[in-house]
Amino acid sequence: MECIAENTLVSFDQNFIIDEKDTGAREDVYSGMCDCYCKTQGCTCDCHDCAFWQNGP
Amino acid sequence: MLLNWSRIDSEVEIFPIQINDYFFAYFPLKHTSFRVTSKAYDQLIKGDSNVLSTLTNKVSHKDTIKLKEFHPIKDFRPHRVDLAITTRCNLNCVYCHANSNEDPKDMDQGIAIKAVDFILENAKEQNVPYAQVGFNGGGEPTANFKLMKEITEYSKKRASDLGIKVHFGMATNAFFTEKQREFIKDNFSHLAISLDGKARHHNVHRPTIAGKDSFDTVFANAKYLHDNGIKNFNIRATISERTVDDIGEILEFFINEFPKAGYSFMPINRLGRGEICLINPPKQEKYIDMFKEVLLEKQLCQMDRIFFMCGLLSTVRSTFCDAFSGPGFNINVDGLLAACQRDNLPNEFYFGQISAKSGIKIDYNRLNYFKEPRIVSDKSCCDCFAKYHCGGECMDLVLHKQSRCKAIQRWNAYQLLDLHNCL
């Protein structure tokens, strides 16, 4: 019975997923992008380790 | 389009989503999306443990994206300020959310100097690469060019004395003289210029206070500044029902004329003069469908060079902008400190006052009011599959009951279809 159940599960897995995709997201990024201004200003957060403060505009 | 989703509580968040005749199981924090059969989708909605465990097992080996931790601010020491140095403006844009010229006044010079001293000293103490002074909010900064020039010169001198660098930014309508343009070119590194498209788009939206066309001057100034080395240059277009069909044409125009720029688009908000404006905002579905066409189908522009409010599947963010998570250090014309640069803000956005005589007073309770991300704290966000990509939407619009959630969800649904080649 256990063997049948396992087989059933494997078969089911193969059938119900049509496609798998990676979105490319990897971390919670700083969102310096409101509608009006922030994107132009680049990252405006106060942390000192982000790219904005490391590299400048 | 039909969208249904619900959250199933598990160790990893999963959103079953139906879009038209397509079915998905979406794990945003596992950066994975499965297209599944309709039967599996139905079983997932019902909480079927076989389907759920199979899917969660498939993503178990993948790194989980951790949301940033937010800690209350106890000692607010920003090294950037945005000053609204006037409420006057030389244009009379039909949708102006700031209601410029309705109550014309200029910022007191002492307030601006106090703010500049504060951020430059903070930058010095914290040893950051540079401080930043911005001119934004209220009216058009160059309408008070005298103060803008004085503060720019003062900031440079003070920064030099402290041995640090200072950069300058501005959101402007670019309706200024050639002499003013030269000063801006020589001193500013960040510019956001409002240009609503070609002449026929722009002039309808953005006449001068005398009721004349502004396009020729604005375009000439924008082009000159773009071509002459402003490093962070952004063009921002407000879209109405009259221009929404031309979004592709406007974007191509920007790409051709301002190839080094970033491009921002925004529908008219019903705030300020926009509340009574006779030119309506675009229908949200139409606005999103135009971006689907120009970005996903025609691929006119790289995604990282354009912003139009909705976020990307490839980007997880727990806050919409820096208004509260930063928070911003923005000073309105009266010396009120605000978390956002916009005008007509809800009371929650104000967290202190600055004056030339008594200095800076900060209300830390107000400052930390929104520190917990809305996508975690607000029920309306919790069950939304798009929350990690929009970051909880603009709080100004949320508090004015003008959030654009349906449009944001529509855009994210299109991205999901595109990811799976189902568009």
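Small disclaimer: the values here were computed from a predicted structure and weren't measured. (Residues numbered from 1 in each chain as written. Chains lettered and ligands numbered in written order. Predicted model: local features only at pLDDT ≥ 70, side-chain atom pairs only at ≥ 80, totals over all residues. Heavy atoms only, no water.)

A. Layout of the environment of Arg342(B). Residue and element names in this part refer to chain B. Along the polypeptide, Arg 342 turns up in the loop between β13 (336-338) and β14 (350-355). Here Arg 342 falls in the buried class, since its relative accessible area comes to 7%. Residues Arg 342 and Ser 240 lie 102 residues apart in sequence; the distance between their C-alpha atoms is 19 Å. Here the side chain of Arg 342 touches Asp 396 through a polar contact of 3.2 Å, side chain to side chain. (Helix = DSSP H or I, 4+ residues; strand = E, 2+ residues; numbered from the N terminus. Buried < 20%, exposed > 50% of the residue type's maximum accessible area, 1.4 Å probe, protein only. Polar contact = N/O pair within 3.5 Å; in protein donor to acceptor, adjacent residues only side chain to side chain.)

B. Layout of the confidence of the model for chain A. Residues and elements named next belong to chain A. Residues of chain A with pLDDT of at least 70 account for 26%, and the chain-wide mean is 55. Element-level pLDDT for chain A is lowest in helix α3 (residues 51-55), with a mean of 37, against a maximum mean of 96 in strand β1 (residues 17-22). Segment residues 1-11: pLDDT under 50, and two contacts once partners within four positions in sequence are set aside and those in other chains are kept. Low pLDDT (under 50) marks residues 32-57, which in the prediction has 85 contacts with non-local residues, meaning those over four places away or in another chain. (pLDDT = per-residue confidence, 0-100. Contact = heavy atoms within 4.5 Å.)

C. Region of the structure containing the side chain of Asn203(B). All names here are of chain B. Relative to the helices and strands, Asn 203 resides in helix α6 (residues 199-205). Within the structure, the side chain of Asn 203 is placed 3.1 Å from the backbone nitrogen of Ser 214, a separation counted as a polar contact. Residues contacting Asn 203, with those up to four places away along its chain left out, are Asp 213, Ser 214 and Phe 215.

D. Main features of the sheet that holds strand β10 (residues 262-267) of chain B. Residues and elements named next belong to chain B. Taken in spatial order, the 11 strands make up an open sheet running β11-β10-β9-β8-β7-β6-β5-β12-β13-β14-β15, and their pairing is mixed. Looking along the sheet, the strands with just one partner apiece sit at the ends: β11 (306-307) and β15 (359-362). Where strand β9 (residues 232-239) meets β10, six bridges bridge the pair, whose relative direction is parallel. Note that in β10 the partner of Thr 238 across the bridge is Met 266. Along the sheet face, helix α4 (residues 145-162) touches β5 (80-83), β6 (130-135) and β7 (165-172) and points at about 160° away from the line of β7. Helix α7 (residues 215-227) rests against β8 (190-194) and β9 of the sheet, and its axis sits at about 155° to β8. (Pairing = 2+ DSSP bridges. Axes fitted to C-alpha atoms, helices over the stretch in contact; angles between N-to-C directions.)

E. Region of interest: the packing of helix α1 (residues 38-45) of chain B against helix α2 (residues 49-59) of chain B. Residues and elements named next belong to chain B. Across the interface, α1 lies against α2 with an axial gap of 8 Å and an inter-helix angle of 100°. When the axis of α1 is compared with that of α2, the two are roughly perpendicular. Every residue of α2 that contacts α1 at Ala 40, Gln 43 and Leu 44 is listed here: Val 51, Leu 52 and Leu 55. Looking at side-chain class alone, the contact of α1 with α2 contains five nonpolar, one polar and no charged residues. (Parallel < 35°, antiparallel > 145°, perpendicular 65-115°, else oblique. Nonpolar A, V, L, I, M, F, W, Y, C, P; charged D, E, K, R; others polar.)

F. Looking closely at the pattern of salt bridges. Tallying each qualifying case throughout the model produces 28 salt bridges over all chains. Here Asp161(B) makes a salt bridge to Lys157(B), at a shortest N to O gap of 3.0 Å. With Asp161(B) and Lys157(B) both in helix α4 and four residues apart, this pair spans about one turn of that helix. Across the pair, Lys157(B) and Asp161(B) agree in class, each one exposed. The partner of Glu393(B) in a salt bridge is Arg404(B), with the nearest N and O atoms 2.7 Å apart. In this pair, Glu393(B) is assigned in the loop between α14 (387-390) and α15 (395-399) and Arg404(B) in the loop between α15 and α16 (405-419), connecting sequence segments 11 residues apart. The pair formed by Glu393(B) and Arg404(B) is uniform in burial state, with each residue classed as buried. Each of Glu20(A), Asp22(A), Arg26(A) and Lys62(B) takes part in salt bridges that share partners, so that together they form one network. (Salt bridge = Lys/Arg side-chain N within 4 Å of Asp/Glu carboxyl O.)

G. Structural view of the side chain of Gln415(B). Residues and elements named next belong to chain B. If you trace the backbone, Gln 415 turns up in helix α16. A polar contact is formed between the side chain of Gln 415 and the backbone nitrogen of Leu 313, at a distance of 3.1 Å. Every residue in contact with Gln 415, bar those within four places of it in the chain, is listed here: Leu 296, Gly 311, Leu 312 and Leu 313.

H. Layout of the layout of surface pockets. Residues and elements named next belong to chain B. In this structure, the second largest pocket spans a volume of roughly 390 Å³. Around the second largest pocket, the lining is made up of 26 residues, and of these Thr 87, Asn 332, Val 333, Asp 343 and Asn 344 lie nearest the centre. Put simply, the parts of the chain that give the lining of the second largest pocket at least two residues each are β12 (330-331) and β13. A per-class count over the lining of the second largest pocket returns nine nonpolar, 10 polar and seven charged. (1 Å grid on protein atoms, 1.4 Å probe; cavity = no way out; pocket = protein on both sides within 12 Å on 5 of 7 lines; lining within 4 Å. Points joined across faces, edges and corners; volume = space filled by probe spheres on them.)

I. Broad picture of unusual backbone geometry. Positive phi is not limited to glycine here, since Ala174(B) has a value of about 60°. Along the chain, the position of Ala174(B) falls in the loop between β7 and α5 (178-187).

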